[in-house]
Amino acid sequence: MTAITIRPLEQSDHAEWRRLWTDYLTFYEATVPEEVYQTTWKRLFTEGEFEPKGFLAFLDGKPVGLVHFLYHRSCWSLEGNCYLQDLFTDPDARGSGAGAALIEAVRGHAEARGVANVYWMTHETNATARKLYDRVARRTGFIEYDLLPPH
């Protein structure tokens, strides 16, 4: 069995990060302007309590997965919450443990910071991811609503 390696994003990861995030966006039939790519990359390396962070998953030395996450305050706890915003694994690497390892890396990062609640959402039709999520987390039953204009 090949070991999965997880590490924080580094500046030298830009091309692979962009490839993985673009594939994630494509999976959800979404696009973002170039300015969002550039700003997100910059924010991932900006110091600050609420700036986003990211990890890459490697299989045999090749980047195969990506996660973005961020912390935010909460009215329900002193420590706040950690929102796991984007999680993607290359289709060829699904089932390798990369997704679970990325989730665990975020959980560990949050725990080290004293944050107990890590949460995320996925589309109801994302059956492959939901199999993983049902195994590693509890489903809360909450339904998301938003006020954003449709794409």
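Residues numbered from 1 in each chain as written. Predicted model: local features only at pLDDT ≥ 70, side-chain atom pairs only at ≥ 80, totals over all residues. Heavy atoms only, no water.

**Let's talk about the pairing of strand 4 (residues 81–89)**
Argument step 1. Counting buried positions over the nine residues of strand 4 gives eight, a clear majority of the element.
Argument step 2. In this structure, strand 3 (residues 62–72) lies alongside strand 4, joined through eight bridges in antiparallel fashion. The partner of tyrosine 71 across the bridge, within strand 4, is cysteine 82.
Argument step 3. Note that strand 4 and strand 5 (residues 117–119) share three bridges and pair parallel. By the bridge assignment, tyrosine 83 is partnered in strand 5 with tyrosine 119.
Argument step 4. In this fold, the crossover linking strand 4 to strand 5 by way of helix 3 (residues 98–113) has right-handed handedness. (Buried < 20%, exposed > 50% of the residue type's maximum accessible area, 1.4 Å probe, protein only. Helix = DSSP H or I, 4+ residues; strand = E, 2+ residues; numbered from the N terminus. Pairing = 2+ DSSP bridges. Right-handed = clockwise from strand over helix to strand, strands pointing away.)

**Examining the sheet that holds strand 4**
For sheets, the rule is that strands pair by backbone hydrogen bonds, running either parallel or antiparallel.
Argument step 1. Across the sheet, which stays open at both edges, the five strands sit in the order 1-2-3-4-5 with mixed pairing between neighbours. With one partner strand each, in any of the chains shown, strand 1 (4–8) and strand 5 form the two edges of the open sheet. Strand-to-strand twist of the sheet, defined as the mean angle between neighbouring strand axes without regard to direction, takes the value 25°.
Argument step 2. Where strand 1 meets strand 2 (residues 53–59), five bridges bridge the pair, whose relative direction is antiparallel. Along strand 2, the bridge assignment pairs proline 8 with phenylalanine 55.
Argument step 3. Strands strand 2, strand 3 and strand 4 of the sheet are contacted by helix 1 (residues 14–27), whose axis makes an angle of about 75° with strand 3. (Axes fitted to C-alpha atoms, helices over the stretch in contact; angles between N-to-C directions. Contact = heavy atoms within 4.5 Å.)

**Focus on the pattern of salt bridges**
Working definition: two side chains of opposite charge can pair if their charged atoms are close together.
Argument step 1. By the definition in use, this model includes 10 salt bridges.
Argument step 2. Between arginine 7 and glutamate 10 there is a salt bridge whose closest N-O contact spans 3.8 Å.
Argument step 3. Classification of glutamate 10 by relative accessible area gives partly exposed; the value is 38%.
Argument step 4. One salt bridge connects glutamate 16 with arginine 19, and the closest N-O pair in it is separated by 2.6 Å. Highlighted residues: glutamate 16 and arginine 19, both in helix 1, separated by three residues, approximately one helical turn.
Argument step 5. Judged by its relative accessible area of 27%, arginine 19 is partly exposed.
Argument step 6. Through salt bridges with shared partners, one network takes in Glu16, Arg19, Asp23 and Asp90. (Salt bridge = Lys/Arg side-chain N within 4 Å of Asp/Glu carboxyl O.)

**Quick look at the pairing of strand 2**
Argument step 1. Taken across its seven residues, strand 2 has seven buried, putting it largely inside the fold.
Argument step 2. Residues of strand 2 alternate between two faces, with Lys53, Phe55, Ala57 and Leu59 on one and Gly54, Leu56 and Phe58 on the opposite face, all of them buried.
Argument step 3. Inspection of the sheet shows strand 2 paired to strand 3 by seven bridges, in the antiparallel sense. Directly across from lysine 53, in strand 3, lies its bridge partner phenylalanine 69.
Argument step 4. Linkage of strand 2 to strand 3, two consecutive antiparallel strands, is achieved through a turn of two residues, within which aspartate 60 is found at a positive phi near 55°.

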